[in-house]
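Fold and geometry: a report
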Amino acid sequence: MDNLDLLKELCETFGPSGWEDPVKEKILEELGPLSRLVREDRAGNLILTVSGTDHSRKVMVSAHMDEVGFMVSGIEDGYLKFRTVGGIDPRVLCGRRVQILHDGRYVNGVIGSKAVHHQTEEERSQATKVKDMYIDIGSFEEGEDIPAAMCDYGTFLSEFVRFGEEDRMIKAKAIDDRLGCAILIELARELAKNHTMLPYDLYICFTRCEEIGYSGATVAASVIQPDIAVVLESTAVGDLAGTEDHARVAETGAGGVLSLVDRSTIYDEDLIRFALATGEKHGIPVQVKKWVSGGNDAGHIHKSGRGVRCLALSAPARYLHSPSTVICAQDYFCMRDLLSHMLQDLQISDFETR
Amino acid sequence: METKSIKQWILDLCGLMSVSGSESYDENKLMELVRPFFDSVERDPVGNYLFLKKSRRENAPRLLLDTHYDEIGMMVREILEGGFVRITNIGGLDPRILPAAEVVLYGEKPVFGVIVSTPPHLQKPGESSKLQDVRDLLIDTGYTKETLEKILPIGSPVGYMPRYTELEGGELAGKSMDNKACGACVIKALSETDPDELAADVYVLFSAKEESSSTAGANVGAYRADPDYAMCIDVNLGKTPDVSKDETVELGKGISLTYGPVVSRKLTDRTAELCRNAGLNVQPYIATRSTGTNTVKIVLGRAGIPTVDVGLPLKYMHTYNEVLVLKDAEDLCRLVREFVCDARIAEEFRRG
Amino acid sequence: MVQELKKIMHIQGVSGREKPVMTELAGLIRPYADEVRTDALGNLIACQKGASKSGKTVMLCAHADEIGFIVTFIEKNGWIRIAPIGGLRPWNTLYREVAFSGGTRGVIVPDVGQDVDNLSFEKCYVDIGASTEKEAERMVRIGETLAVAPNLVRLRGTRYAGRPVDDRLGCAILLEIARNLSGKACPHTVYYVCSVQEEVGCRGSGPASFDIRPDYALAFDVTGTGDVPGATPMACSVGKGAAVKIKDGSVICHTEVVRRLRTLASERKIKYQDEILLHGGTDTSMMQGTGMGSKAGALSVPTRYIHSAVELFDLKDAQACADLGAAFCMAPEQED
C-alpha cells in the first residue's frame, strides 16, 4: 500500500538530538502490538528484534530518530539565545518559525535578527552569525513567567507539503531521517503480517544522536554485534539546474542511493553488488552515489566490535538540514521495497568471513 | 582525626608529575597519598589507575567516577649543543605563556630549565607580535650536551615548575589543576566516607592521556570498570571579562552540570536535585556536541553507560597559573560525597 | 625480502578494496602460520600459537592498504572523474600513470587553467584514451578504485624508491618475522595482522585488536625523516636503523615497550634510532586504545617522500625492524 501518512506524521514530530522522546512515543504507537518486541538500550535506542531460524546470524537495519535543532543557551530581555544542535547552515535560520519544548508544552517562536534596514553595508553582504540571532517567543510583562528556560530544546516548525507535477515531490523538516524510521516501521509491519521467517535474527534499530556525531548507533551495534548492517539515510544531492554533470551526486526520482565511499565509511563491495543485483532482479530503481561527501551512522557501526560489513541506502534529498528538505515520494517507496527484497533474498553465507 | 584540607589535597596531587603518557612517573608518591583509602588499585596497559572502594552492601551496583590524572606538558625531541633541548607539545599548550617559562625536564633525574626567549633588545621589528610554535622553541638547561645526553633520554617528559599562590578572594593559582584538583576533591570525599554509607561499589578512574589522545584513556578505563552509571568530573571554562557568559561558568558560584545530547538527562536531573537538597549551587552549562571531556569516551566505552558531566570552574586553563576558588572545590567534594551515598540513584541506574 | 616486497607492491589494494593484495599476503604467510583468516572488514589475521601456556599475546600489525582514488563519474567524452581515498595531494600525483583495479591504465591530469598549488581533485580527471562515454564505460566502471602505478627501483646499494612502500614494506617485514619465528618455539602467541583502511583513519586495526585482545602490540609502518633539505628538524634518518617510535600525532607509546625495544636493540646489536613524529598517526593508537587496551609501540622504517610515487627507504632499516620485531616477540616483557 503506497501511503505517505506515516512519513508525514513522523516528520512533523519533535525530536532534536538529545530529546528524541516524542519520536520514540510515535514509533511505539505506530508499531502497535509489535512494540512488545522492542527494548530500549542504555543509550536510549529502540531495538526491535525479529527472531529468525538461525540465531547465530545477525543483521542490523537502522535509521536515526533525531533531527537537527536548537538548544536555548540563555535568556536576555525576554529573547532566547540559542545554539544549533547538529550542522545547520546559519543562512537557513534567519526568519524561520521554530518550536521550543518547555516543560512538556510546545512554544512557537520565530528566529529574529536585525532588520535589513538597520544593517550596515558589510552586514548585508554576509550571513548573520548564530550568536547574533535570537528566538522571539512573544513579549512578556515584567515579572511574568517566560515559558522557556536555558537547556530547552527546539526544532524547526515546518509542515509536510506535497507539490509539483502530480504531487510527486515532498517538502518537510526532519526527512533526515524520519524517512528511514518510516521505512523500518513499514518493514516490521510487513514481516509480522506475512509471518516471514528469515534465516537470521533481524534487529530493527531506531537510533539516537546521529546528527551530533556521537551516535547511539555505536552502542546499538556494539550490543548486537551484527554480521551485516544496513543504514537507511538521506543524502544531499545537487541535481539542480546549472550544476555540472559530475557534481550532481545523484538524481531525485531515480531510486535509493547506494554510497560507495563517504567521509566516514568505505562501504562493503559485496553488499553494494548485492543491492544493485536485487534492484535489477525485482525491477526496483536504485542508483550509485557519484560523489564522496557526508557521513552517517555507518561510520561508527562498521568499526564497532570485531567490525561490521555496512551498506548505506539513502534517499536523494535536496536542501538537507533545512526546514524545507525536498525529496521525491517515489524514492521512498523504492527504498522500502528494495530493503524488503534484500532482506528476503539475503544469503548470509555469501558474506561469511573466512 | 583531623581531616586533610581540600587545599592540601590539591597541592599534594597537582604537585605530582603526570604529563600525558608518563602517568606512572610519580607512582610511589601517588600510592602513598591515595591507596590507603581504597580496597584495591589496578594500573592498566594505557596508564589508567583504577581505584576501587567497595560498599558494604551486598550486590551493590557499580559506579565509576572519572577524573583524568594526566596533565599537559612537553616532550624532549633532541639534545643540541650547549645543553639546549628541542621539544614538542603534549596536549594543547598555550603558546603565549611559553617564552621564559620555568620547566622541569624529567630524565634520570629532574633537570630545571628555562624556555628560551628573545629579549626586546635583540628582536627584529614586529617580532614581538608573533608567536613561536613550541616545536621551534628550545629549553636552556645549563648542562653540557655530553652530560645531558647521559641523564635525559629522548622522549623524556617536560612539565611546568610546580608553584602555587593564594589570591585575595580564596583562590588558588598554579599548574595542572586541570584536572588533578577534581581528583583531589574525589579522593578527599571518599577518604571521609565510610563503606557502610556507600550506595555502590565506587571505581575511581584516574584516567590517562585525556590531554593527548582521542583513542586511549577513559574509554579503556570505562570498558574495564564496566560500571552501571558514571560521573565524569573535569574542570570547566571560567568566566573572564573577555568571553561571553553563555560559553563559561562563574568562579565562586559552585560546580557546573552539563546539559546536552551526550549526557544522561535523567542522571543529570537527579544530580541537580541532589545538589538542591544539599543546598549546593549548580550552574547549568550547555554542550550541543561533545562535552570536551571524557564523557563521550565513557558513554561509548561500554554500551551506553549513563553519565553525568560535572565541572569545576577554572580560569586560564592550560597555563601554569590556572585559578580556581577553593570554596567551589569544597562544593564538588560535598557533591561527590552525597552522590556516592545516594541509594535512590544507585538503585535507579542499576542495570536491569 | 625485496622480491617478496616487489610482488606485493604490484598488487593493488586501495583502502577499503584490499581483497587482491590480501589474497596474495594470505598465501605468503600461510606456510608459517597455525591459522589464517579474514575478518568482516577484510583484515588478514594469521596466528602462531605460543609454546607456553602462560605466554602472552603479541599483535604485530602492518597495513596492507594504499592511498588511491575511486571512480565517481564518467564524462560524456570519456574522461574519468575521481575522488581521493587517503592523504593524496594533487602536486605529488598529477601527470602520473595510474592503474585501475580492473587493469585499465590512464594518466591523471588537471582541468586546463588550474593552479596546481590550490587544486582539489574535483578539478582533475583521468584520461584513459577513450573518446566517448560508451567506450569508457567498457574500460572502467563507477566505484572502481585506482592508484598511481606501482614501481620499485633500486638506487645505490640497499636504497630503493617507489610506491606503495607505505605500507607494503611493513607487510614484508611481518612476513620476514613470521618466517624467522616459525619453528622457533616462541613461548608467546603471535598474531600477524595485515590491516585494512589505515590510510583513511586507522579504521581496520581497532576491530582486529578488539578480537585478538593482545597484551602487547607493535605496528610496523614508515615514518618521516629530518634528513632532506628544508625538513622540519627531526632526529630520524634513512639508513640509521629501525626507528623506535616514542610518539606520533595520534599516540604516545607505552614507556615499557619503548624501553624494551631499546634494550633488545642494544643487546642484539641491532641498529636503531628514536622516533618522535610530529604529524600523522598509525595503527598503534587503535591497538593501544581498543577494548581492554594493550601496551603498544611501533617500529618504523625511515622513509623519504611518503605518499609520493618515489617513497625512498633503505632495506637495511627494514631488516633491522624485522630483527628487532622478532626479538620482541620472543621476550616482550621488560625485566627491571
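Residues numbered from 1 in each chain as written. Chains lettered and ligands numbered in written order. Predicted model: local features only at pLDDT ≥ 70, side-chain atom pairs only at ≥ 80, totals over all residues. Heavy atoms only, no water.

1. Considering the state of the cysteines
Enumeration according to the criterion identifies 0 disulfides over all chains in this entry. Free cysteine: Cys11(A), not disulfide-bonded; nearest cysteine sulfur from Cys181(A) at 9.2 Å. (Disulfide = S-S within 2.5 Å.)

2. Quick notes on the packing of helix H1 (residues 6-14) of chain B against helix H2 (residues 27-34) of chain B
All names here are of chain B. At a minimum axis distance of 10 Å, the contact between H1 and H2 shows a crossing angle of 160°. With respect to H2, the axis of H1 lies roughly antiparallel. H2 is crossed by H1, and the crossing has left-handed handedness. Between H1 and H2, the residues in contact are Trp9, Asp12 and Leu13 and Leu30, Leu33 and Val34, respectively. Residue composition of the contact of H1 with H2, grouped by class: 5 nonpolar, no polar and 1 charged. (Axes fitted to C-alpha atoms, helices over the stretch in contact; angles between N-to-C directions. Helix = DSSP H or I, 4+ residues; strand = E, 2+ residues; numbered from the N terminus. Parallel < 35°, antiparallel > 145°, perpendicular 65-115°, else oblique. Left-handed = near helix turned anticlockwise from the far one by under 90°. Contact = heavy atoms within 4.5 Å. Nonpolar A, V, L, I, M, F, W, Y, C, P; charged D, E, K, R; others polar.)

3. Let's talk about the domain arrangement of chain C
All names here are of chain C. Split by domain assignment, chain C resolves into domain 1 (2-66 + 164-330) and domain 2 (68-149). Using only C-alpha atoms to locate each centre, domain 1 and domain 2 end up separated by 31 Å. For the domain 1 and domain 2 pair, buried surface summed over both sides reaches about 900 Å², with 54% attributable to carbon and sulfur atoms. The three residues of domain 1 that bury the most area against domain 2 are Gln12, Val14 and His307, which together make up 48% of that side's buried surface. Put simply, domain 1 and domain 2 have 0 salt bridges between them. Between domain 1 and domain 2 we count 2 residue pairs in polar contact (both at pLDDT 80 or more) in total. Along the lines of polarity and charge, the residues of the side of domain 1 that touches domain 2 split into 3 nonpolar, 4 polar and 3 charged. (Domains from an automatic or database assignment. Buried area = accessible area lost by both parts, 1.4 Å probe. Salt bridge = Lys/Arg side-chain N within 4 Å of Asp/Glu carboxyl O. Polar contact = N/O pair within 3.5 Å; in protein donor to acceptor, adjacent residues only side chain to side chain.)

4. What to know about the pattern of salt bridges
Inspection of every chain in the model, using the stated rule, returns 69 salt bridges over all chains. Residues Lys76(C) and Asp245(A) are paired through a salt bridge, measuring 3.0 Å at the closest nitrogen-oxygen approach. Taken together, the residues span two chains, with Lys76(C) in the loop between strand E4 (68-74) and strand E5 (80-85) and Asp245(A) in the loop between strand E13 (228-236) and strand E14 (256-258). We classify Asp245(A) as partly exposed; its relative accessible area is 38%. For Glu71(B), the salt bridge goes to Lys180(B), with nearest N and O atoms at 2.8 Å. Remark: Lys180(B) occurs in helix H4 (residues 177-191) and Glu71(B) occurs in the loop between strand E3 (62-68) and strand E4 (73-79); sequence separation between them is 109 residues. Taken as a pair, Glu71(B) and Lys180(B) share a single burial class, namely buried. Three or more residues joined by partner-sharing salt bridges are found here, namely Asp268(A), Glu269(A), Asp270(A), Arg273(A), Arg309(A) and Lys19(C). (Buried < 20%, exposed > 50% of the residue type's maximum accessible area, 1.4 Å probe, protein only.)

5. What about the interface of chain B and chain C?
The interface is formed by 26 residues belonging to chain B together with 25 residues belonging to chain C. Here chain B meets chain C over a buried area of about 2,100 Å², counting both sides, of which 61% is carbon and sulfur. Three residues stand out in chain B for area buried against chain C, namely Pro45(B), Arg77(B) and Tyr223(B), and they jointly supply 25% of the buried area on that side. At the junction of chain B and chain C, the tally comes to 0 salt bridges. Of all the elements in the fold, those that place two or more residues in the side of chain B that touches chain C are E4, strand E5 (84-90) and helix H5 (218-225) of chain B. The residue makeup of the side of chain B that touches chain C, split by class, is 10 nonpolar, 9 polar and 7 charged.

6. Notes on the confidence of the model for chain C
Detailed conclusions should not be drawn from predicted coordinates in areas where pLDDT is low. Put simply, chain C has an average pLDDT of 95, and 100% of its residues get 70 or more. Taken over the whole predicted complex, pTM reads 0.94, whereas the ipTM for its chain interfaces reads 0.91. (pLDDT = per-residue confidence, 0-100.)

7. Brief notes about the interface of chain C and chain A
Listed by partner, the interface residues are 29 residues for chain C and 28 residues for chain A. Of the roughly 2,400 Å² buried where chain C meets chain A, counting both sides, 58% is carbon and sulfur surface. If you sort the residues of chain C by the area they bury against chain A, Arg17(C), Ala40(C) and Arg203(C) come out on top, with a joint share of 26%. On inspection of chain C and its partner chain A, the count reaches 3 salt bridges. Note that Asp270(A) and Lys19(C) form a salt bridge whose closest N and O atoms lie 3.2 Å from each other. At the boundary of chain C and chain A, one finds 7 residue pairs in polar contact (both at pLDDT 80 or more). Within the residue set of the side of chain C that touches chain A, elements represented by two or more residues are strand E1 (35-38), E4, E5 and helix H5 (205-212) of chain C. At 4 residues, the largest contribution of residues to the side of chain C that touches chain A is made by E4(C). The class makeup of the residues in the side of chain C that touches chain A is 11 nonpolar, 6 polar and 12 charged.

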